[in-house]
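An overview of the molecular structure
Listed below, chain by chain, are the residues.
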Amino acid sequence: MQKPSQTGRRSVAVRRLPALLGLIALVCGLASAPSLAQSYPSKPIRLIVPFPPGGAVDFFTRTVQGRLGEVLGQSIIIDNRTGAGGMIGAEHVVKSAPDGYTFLVGNIAALAMNVGVYSKMPYDPARDFTPIMHTVAVNYVMVVHPGVPANSVRDLIALAKAQPGKLTYGSAGSGSAPHLAAEHLKSLAGINIVHVPYKGGGPVVTDLLAGQLTMTIGDQANLMPHVKAGKLRALAVGSLKRSTNYPDLPTIAEAGFPGYEAGAWQGVVGPAGLPADIVARVHEALMKVVSMPEIRERLNGGGLDIIASTPEEFRQVIR
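To start, this report covers the structure provided alongside it. Since we're looking at a predicted model, the values are computed, not measured.

Turning our eyes to something else, we now look at empty space enclosed by the protein. Under the criterion given, the structure shown has four cavities of 30 Å³ or more. Lining the largest cavity are 29 residues; nearest its centre among them are Y140, A172, P178, G201 and D219. Every element with two or more residues in the lining of the largest cavity is listed here: helix 2 (56-72), strand 4 (129-144), strand 5 (168-171), helix 6 (177-189), helix 7 (201-209), strand 7 (215-219), helix 8 (220-228) and strand 9 (263-271). Split by residue class, the lining of the largest cavity holds 16 nonpolar, eleven polar and two charged.

Before going further, it helps to spend a moment on the pairing of strand 3 (residues 102-107). Of all six residues in strand 3, six are buried, a share of seventy percent or more. Burial along strand 3 is two-sided: T102, L104 and G106 and F103, V105 and N107, pointing in opposite directions, are all buried. Note that strand 3 and strand 9 share four bridges and pair antiparallel. The residue of strand 9 that forms the bridge with L104 is V269.

Mapped onto the elements of the fold, G267 is located in strand 9. Accessibility expressed as a relative area gives 0% for G267, which makes it buried. Distance in space between the C-alpha atoms of G267 and A308 is 8.9 Å, their sequence separation being 41 residues. The residues touching G267, leaving out its near neighbours within four places in the chain, are L104, V105, G106, L111, M133, H134, T135 and F314.

Let's shift gears to unusual backbone geometry. The residue after Y40, namely P41, is reached through a cis peptide bond having omega -5°. On the secondary structure map, P41 appears in the loop between helix 1 (6-39) and strand 1 (45-49). In this structure, A84 takes a positive phi of about 55° despite not being glycine. You can see A84 is positioned in the loop between strand 2 (76-80) and helix 3 (87-94). Backbone geometry at A308 places phi at a positive 55°, although glycine is not the residue there. Secondary-structure assignment places A308 in the loop between strand 10 (304-306) and helix 11 (311-318).

Each value, and the rule that gives it
Residues numbered from 1 in each chain as written. Predicted model: local features only at pLDDT ≥ 70, side-chain atom pairs only at ≥ 80, totals over all residues. Heavy atoms only, no water. 1 Å grid on protein atoms, 1.4 Å probe; cavity = no way out; pocket = protein on both sides within 12 Å on 5 of 7 lines; lining within 4 Å. Points joined across faces, edges and corners; volume = space filled by probe spheres on them. Helix = DSSP H or I, 4+ residues; strand = E, 2+ residues; numbered from the N terminus. Nonpolar A, V, L, I, M, F, W, Y, C, P; charged D, E, K, R; others polar. Buried < 20%, exposed > 50% of the residue type's maximum accessible area, 1.4 Å probe, protein only. Pairing = 2+ DSSP bridges. Contact = heavy atoms within 4.5 Å.

Structural measurements only, silent on function.
In structure tokens form, the structure reads like this:
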């Protein structure tokens, strides 16, 4: 029998080389997969807040920031990227790499409502994000500047009817939940109060405190500290039932508008295509943080009711 030549043996080895390399790569990949999952996160994580400091989204994010960093073992960086009803910050997350280091702390506007408000959007909330958690419901309150001669919703409506087009209200931007809440009340009451849009709830409070605005309907977290300090006057809450935190405040519905309800919600999402193990890791960390008694107490005191959904439940909410 003729022995195979040296050249023949080399050619067989060359033909087998791709398969051998593929097998080595597969084995290495399987061996390293668990270590990659275990090593996350290996650098600071950015939470994009699409509104200025001072609003409910910023309040939630700063409340959980420190504890979330402790649970994940990494620094949490808050990045306020504002404008366009939350869409500028949201678009930044959509365009970020799905590696678990950039998340959006969004709200009802950026993640759902803007679809019905703007004819064109730079992203699709149902398609371009990976849901992590539906975090909190946001309770609203109607407030006025102390110089306004109104101690109730009925007083304010009477004042608006006596001075059509003279009173003003601020919102977190055109198409925002506070904007639509006020416009809904205007429609029901048949009054004319001029809308002044801002880039977020924080600047609204600044001008309201300065007497540049008559009123607003917005986040309790943003407004009630100033009510307690005597710098603003609360007239009513936006929920269907009275708040457990402020039981003496009537609802707007009680003022003659049965069924009226104004509020919002928040949630955390990542870019589309985020790996399942990272989703599970971040969701678990958030769940631990919002379950901590001191975090729950602070969020509840700020008018935020904890929801803490699963990722799939939040996906359905967005849809």
